[in-house]
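Fold and contact review
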Amino acid sequence: MAVEELQSIIQRCQILEEQDFKEEDFGLLQLAGQRCIDEGHIDQLLEIIQNEKNKVIVKNMGWNLVGPVVRSLLRNEQEDDKRKCHFLLLDLLVKLCNPKELLLGLLELIEEPSGKQISQIILLLLQPLQTVIQKLRNNKAYSVGLALSTLWSQLSLLPVPYSKEQIQADDYGLCQCCKALIEFTKPFVEDVIDNKENSRENEKLKDEILKFCLKSLKWPLLTAQFLEQSEEAGDDPLKCFASEIIGFLSAIGYPFPKMIFNHGRKKKIWNYLEFEEEEDKQLSESMASLAYLVFVQGISLDQLPMVLSPSYLLQFNMGHIDVLLQRTEESVFSKGLDLLENGLLRIEDSSLLHQYLEIKSFLTVPQGLVKVMTLCPIETLRKKGLAVLQLYINKLDPQGKYTLFRCLLNTSNHSGVEAFIIQNIKNQIDMSLKKTHNKWFTGPQLISLLDLVLFLPEGAETDLLQNSDRIMASLNLLRYLVIKDNEKDNQTGLWTELEKIENNFLKPLHTGLNMSKAHYEAEIKNSQEVQKSKDHCSLNVGREEIPNMPPEMQLKVLHSALFTFDLIESVLARVEELIETKTKSTSEENMG
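It should be emphasised that the depicted structure is a prediction, and the values quoted were computed from it without experimental measurement.

**Thoughts on helix H17 (residues 330–344)**
- For H17, with 15 residues, the first-to-last C-alpha span of 21 Å sits near the 21 Å given by 1.5 Å per residue.
- Extensive coverage of H17 is indicated by the burial of 11 of its 15 residues.
- Buried within H17 are the following residues: Ser331, Val332, Phe333, Ser334, Lys335, Gly336, Leu337, Leu339, Leu340, Gly343 and Leu344.

**Here's the deal with the pattern of salt bridges**
- For the coordinates displayed, the defined rule picks out 19 salt bridges.
- Here Lys140 ties to Asp191 by a salt bridge, and the two come within 2.8 Å at their closest N and O atoms. Taken together, the positions of Lys140 in helix H9 (residues 140–155) and Asp191 in helix H11 (residues 174–194) put the pair 51 residues apart, joining distant regions of the chain.
- The partner of Glu569 in a salt bridge is Lys517, and the shortest N-O contact between them spans 2.8 Å. Of the two residues, Glu569 sits in helix H25 (residues 551–591) while Lys517 sits in helix H24 (residues 498–533), which places them 52 residues apart along the sequence.

**Quick notes on the side chain of Thr364**
- Summarising the element assignment, Thr364 is placed in helix H18 (residues 361–375).
- When its relative accessible area of 17% is taken as the criterion, Thr364 is described as buried.
- Side chain to side chain, Thr364 and Asp322 meet in a polar contact 2.9 Å long.
- Only 3.4 Å separates the side chain of Thr364 from the backbone oxygen of Ser361, close enough to count as a polar contact.

**Observations concerning the nonpolar core**
- Counting residues in each nonpolar core, the largest one holds 178 residues, and the members touching the most others are Leu129, Phe184, Tyr392, Ile425, Leu475 and Leu509.
- Tallying contributions element by element places H25 first for this core, with 11 residues.
- With near-sequence residues (within four places) excluded, Phe184 lies in contact with Leu126, Leu129, Gln130, Ile133, Ala147, Leu148 and Leu151.

**What about the packing of aromatic side chains?**
- Counted by the stated rule, this structure contains 10 aromatic pairs.
- Pairing Phe184 with Phe188 gives two aromatic rings, centres 5.5 Å apart and planes at 65°, and the pair type is edge-to-face. Of the two residues, Phe184 and Phe188 are both situated in helix H11; the distance of 4 residues between them amounts to about one turn of the helix.
- Residue class for Phe184 comes out buried when judged on its relative accessible area of 2%.
- With 6.3 Å between their ring centres and 25° between their planes, Phe226 and Tyr292 make a pair best called stacked. With Phe226 in the loop between helix H12 (200–218) and helix H13 (237–251) and Tyr292 in helix H15 (residues 273–295), this residue pair connects regions lying 66 residues apart in the sequence.

**As for the packing of helix H7 (residues 99–111) against helix H8 (residues 117–135)**
- Following both chains from N to C, one finds H7 and H8 inclined at 160°, their axes separated by 10 Å at the closest point. Here H8 runs roughly antiparallel to H7, going by the angle between their axes. Between H7 and H8 the crossing geometry is left-handed. Every residue of H8 that contacts H7 at Pro99, Leu102, Leu103, Leu106, Leu107, Leu109 and Ile110 is listed here: Ile121, Ile122, Leu125, Pro128, Leu129, Val132, Ile133 and Lys135.

**Topic: the environment of Gln399**
- Structurally, Gln399 can be placed in helix H20 (residues 398–411).
- As for Gln399 and Gln355, which are separated by 44 residues in sequence, their C-alpha atoms are 9.1 Å apart.

**Let's talk about unusual backbone geometry**
- The omega torsion across Trp219 and Pro220 is 10°, close enough to zero to call that bond cis.
- Following the sequence through the fold, Pro220 ends up in the loop between H12 and H13.
- With a phi angle near 60°, Ser300 is a residue other than glycine that sits in the positive phi range.
- Here Ser300 shows up in the loop between H15 and helix H16 (310–326).
- With a phi close to 50°, Asn490 is a non-glycine residue in the positive phi region.
- Position of Asn490 among the secondary structure elements: in the loop between helix H23 (468–484) and H24.

**Thoughts on the confidence of the model for the protein**
- Across the protein, the average pLDDT comes to 87, with 85% of residues at or above 70.
- Averaged pLDDT values over the elements of the protein bottom out at 57 in strand E1 (residues 537–541) and peak at 98 in helix H19 (residues 379–395).

**Observations concerning the side chain of Ser289**
- Here Ser289 is to be found in helix H15.
- Of the residues examined, Ser289 reaches a relative accessible area of 1% and is grouped as buried.
- Aside from chain neighbours lying at most four places away, what touches Ser289 is Leu217, Leu221 and Leu222.

Parameters and conventions
- Residues numbered from 1 in each chain as written.
- Predicted model: local features only at pLDDT ≥ 70, side-chain atom pairs only at ≥ 80, totals over all residues.
- Heavy atoms only, no water.
- Helix = DSSP H or I, 4+ residues; strand = E, 2+ residues; numbered from the N terminus.
- Expected span 1.5 Å × (residues − 1).
- Buried < 20%, exposed > 50% of the residue type's maximum accessible area, 1.4 Å probe, protein only.
- Salt bridge = Lys/Arg side-chain N within 4 Å of Asp/Glu carboxyl O.
- Polar contact = N/O pair within 3.5 Å; in protein donor to acceptor, adjacent residues only side chain to side chain.
- Core = buried A, V, L, I, M, F, W, Y, C linked by side-chain atoms within 4.5 Å.
- Contact = heavy atoms within 4.5 Å.
- Phe/Tyr/Trp six-rings, centres within 6.5 Å; stacked < 30°, edge-to-face > 60°.
- Axes fitted to C-alpha atoms, helices over the stretch in contact; angles between N-to-C directions.
- Parallel < 35°, antiparallel > 145°, perpendicular 65-115°, else oblique.
- Left-handed = near helix turned anticlockwise from the far one by under 90°.
- pLDDT = per-residue confidence, 0-100.

Written out as structure tokens, the structure reads:
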């Protein structure tokens, strides 16, 4: 019945001129063709399409049958012979139909599905889509851009595989699609290369390919995790995709050195105005992704001029590192850590000039590292952030270290980070006293730095528990200075500033310890009374209320706090004892 209905429509249209086809005829042909497919009459439908008498009808109306054929293939319910007929029918329609109408129809089909069907339909239609675009005589660049944009938009809905197992399983088909997308794009890249005239249409095609490459660098490559370098690179489909994308950029006249060296400068990189207008907003992450792929993954690294110094390479990568560290996704900011580590390892210790810190990113990057160290929920990445920050400190010259320490002490707002910086200050002072004299960590410059270390932010009211790491590091530094620097030599300038240190740090710390211990002892007494009544109550620790804590747990927390205060008090007492001994000894020498 469906076949007879289709033949009836075909016969009626055969006597009409091309311009006399009505919209109603298109709809009737599609419905009848759909029924033929649904009822399994694919062979008869194929005969009708192949009939030379129906050539004009198929050319103008046949594209309406592509949707039913594709949807039937996606259902995957046919026997092998029938499935072959479906593919043959699809190939015939692509060959015979109006390419302009077919292009729009194929793109509409690609936009239809969701979930795992996205990759299925893309893999099915990429070859027909490529064939259709190559048949178009006019506006080829526009058609390529429209197709690439549609494909990218659909693929960006898929999750990027994270682990080696996910990459190998490729449940959502993203890796397969990336490989197929490269094959789809290659002929158009070759068109750009082969066109020596640099016509306006060719420039437009180049721009469309450039836009696609930049989008691909941002997604999926910015969030993609790559297999370890020791494993076969050929086994990593996303790395292969990255390599091809970078290859496309070079082929169309945008080799990576030209792009990442000039990004962010006033010098014009792009011929296309839209890229200039959107550069800061849209391209920074694409450029950061490109820098990571080249320097960490080693893709096309051989294109890099060998004369460039490690410090210069670090300088232009710092902006990219900053962009990566600003992102909160582990898969992205971890790339920032790797890119920074890669750049620092090329540089000798203490050789990175302090003038580099005048460049904004050289201060914002270590602040980004502090965020990773303090906010990242993954311990391995927190430790990596700490290790890279230490590496960064090691590479700076003495004045650079001094400047960075001041910056981080003023901005980190984290006791543990401040303790880490204070330990580094102590190490630099030790090197200056034992090996090479360094004006930045002795005398007036050091005293200026110690003003940021040997004080309590809120005087005696400072929350000692919350600041315990910083306070212990400060006391240990002070103890070291008292032991290593004699009042007579006074290389560090400590002894001339002792009175200020006592007033700003030691005396308020004594008062604060007494107040804190009294408070926590009262809390312990209260908790013990509550324990007798076998009830729960709230507890204030570090000025934050912890509600409904069992009394046993409360007592543990309170005793732990008291232990911390006792520890601080014992170090404080030792420092004061050393100061007294040193000043007394100097006084006796002067009298003698």
